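Observations on chain architecture
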Amino acid sequence: MTAIARDALKQLAVLYAGEEDIFPSQQLAKQLGVAFYQTVDKHAPAQFFLSYRDGCLKLLDNELLKKGGLMVEIEPRPGEQRSYPAPKQGALAQALGKSKTVVDATTGWGQDSLFMFRMGFQVLCIERSPIMAVLLQDAFTRLAKSDWVKNLNLEVPKLLQGNAIELLTTLETAPDCIYLDPMFPPKRKKSALAKKSMQILHELIGQDDDKEQLFQAALQATGKRVIVKSPDYAEPLGGKPQQSFQGKLVRYDVYLKN
Ligand SMILES: C[S@@+](CC[C@H](N)C(=O)[O-])C[C@H]1O[C@@H](n2cnc3c(N)ncnc32)[C@H](O)[C@@H]1O
């Protein structure tokens, strides 16, 4: 585990919301090696909480304790077609080209992975934060139980927890595409526009300072291409890409393997 991941765990506790069986919450605290709370008072050392609420696992900070927490959303994005597979449209689909198998090496809140899954790509997920990994696992379990996934007999994405720089060297089969969306420093010091989910990720995890190394590992491990999603103000991570597709405020740079 990295020093950053260890620091994040020091600020975390599992909070039992009293809604369901207490056992899964106790088990989760034990699995992550963090404190277990049944109430939070203002002297509590933890600043972030994982809590089973409304049938899913949620991440909360002191502000969200009153408003409700953040979970990995498994529903299609607003405006996305609800048929399966969803049409391969937009900048990400263009960047993926004819790929069939994709490894998302920076899964985070899983929104890009789940979008690719709904478009019919076969997706393997990697996430190094143990906190994000338990939130993702909870989401994939919910997804596997959803009617449309069961009716279509689909296999939901698998998740590997760990550093992709190491895990990518252990893949048995090279995927068509390795997808990277590491954290870049925000343009402004405190971006008022950043979504709460991304703010909390920045607070918990910090920046991904080893993204150049991750890019090199991805280029080695991929069968055909690496896609890097970047904010439109950021320099391309791997030098000049062969292709680049512009999305809303982001860019998908494509590096083809020789
Ligand atoms: C900007 S977020 C990704 C957001 C994601 N694309 C989404 O749609 O929600 C970056 C994530 O990548 C993870 N990450 C960064 N470098 C990694 C690495 N070397 N191995 C595994 N995960 C990594 C971070 O922990 C963080 O959760």
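Residues numbered from 1 in each chain as written. Predicted model: local features only at pLDDT ≥ 70, side-chain atom pairs only at ≥ 80, totals over all residues. Heavy atoms only, no water.

Some thoughts on the overall build of the chain
Secondary structure assignment for the chain yields ten helices and eleven strands. Taking 2.2 N^0.38 as the reference for a compact globule, 258 residues should give roughly 18 Å; the C-alpha atoms of the chain span a radius of gyration of 19 Å, in line with that estimate. If you line up the chain on its principal axes, its C-alpha atoms span 55 × 45 × 35 Å. Taking all 258 residues of the chain together, 49% fall into the buried category. Residue pairs at least 24 apart in sequence account for 63% of intrachain contacts in the chain once pairs closer than 6 positions are excluded. Taken together, the 33 basic and 29 acidic charged side chains of the chain have centroids lying 4 Å from each other. (Helix = DSSP H or I, 4+ residues; strand = E, 2+ residues; numbered from the N terminus. Rg over C-alpha atoms; globule rule 2.2 N^0.38 Å. Buried < 20%, exposed > 50% of the residue type's maximum accessible area, 1.4 Å probe, protein only. Contact = heavy atoms within 4.5 Å. Lys, Arg positive; Asp, Glu negative; His and termini not counted. Charge placed at Lys NZ, Arg CZ, Asp CG, Glu CD.)

Description of the state of the cysteines
A covalent bond between the sulfur atoms of two cysteines is what we call a disulfide. Under the counting rule described, the total for this entry stands at zero disulfides. Cysteine 56 carries a free sulfur, and the closest cysteine sulfur to it, the one in cysteine 125, is 18 Å from it. Relative accessible area serves as the criterion here: at 4%, cysteine 56 is assigned to the buried category. Given the relative accessible area of 0%, cysteine 125 is considered buried. (Disulfide = S-S within 2.5 Å.)

Some details on the pairing of strand β8 (residues 177-180)
Walk down a regular strand and you will see the side chains alternate between the two sheet faces. By the alternation rule, side chains of β8 split into Cys177 and Tyr179 and Ile178 and Leu180, which are all buried. Where strand β5 (residues 101-104) meets β8, three bridges bridge the pair, whose relative direction is parallel. Counted as the bridge partner of valine 102 is cysteine 177 from β8. Of the pairings in the sheet, the one linking β8 to strand β9 (residues 225-231) comprises four bridges and is parallel in character. Looking across to β9, one finds that tyrosine 179 is bridged to isoleucine 227. (Pairing = 2+ DSSP bridges.)

So, the domain arrangement of the chain
Domain boundaries in the chain define domain 1 (3-67) and domain 2 (91-256). The straight-line distance from the C-alpha centre of domain 1 to that of domain 2 is 26 Å. Listed as interface residues are 19 residues of domain 1 and, on the opposing side, 13 residues of domain 2. Between domain 1 and domain 2, roughly 1,400 Å² of surface is buried when both sides are summed, and carbon and sulfur atoms account for 76% of that area. Remark: the boundary between domain 1 and domain 2 carries two salt bridges. Scanning the region where domain 1 abuts domain 2 turns up three residue pairs in polar contact (both at pLDDT 80 or more). Residue assignment for the side of domain 1 that touches domain 2 shows that the elements contributing at least two residues are α1 (3-10), α2 (23-32), β3 (48-53) and β4 (56-61). Considering every element that reaches the side of domain 1 that touches domain 2, the biggest residue donor is β4, with five residues. The class makeup of the residues in the side of domain 1 that touches domain 2 is 14 nonpolar, two polar and three charged. (Domains from an automatic or database assignment. Buried area = accessible area lost by both parts, 1.4 Å probe. Salt bridge = Lys/Arg side-chain N within 4 Å of Asp/Glu carboxyl O. Polar contact = N/O pair within 3.5 Å; in protein donor to acceptor, adjacent residues only side chain to side chain. Nonpolar A, V, L, I, M, F, W, Y, C, P; charged D, E, K, R; others polar.)

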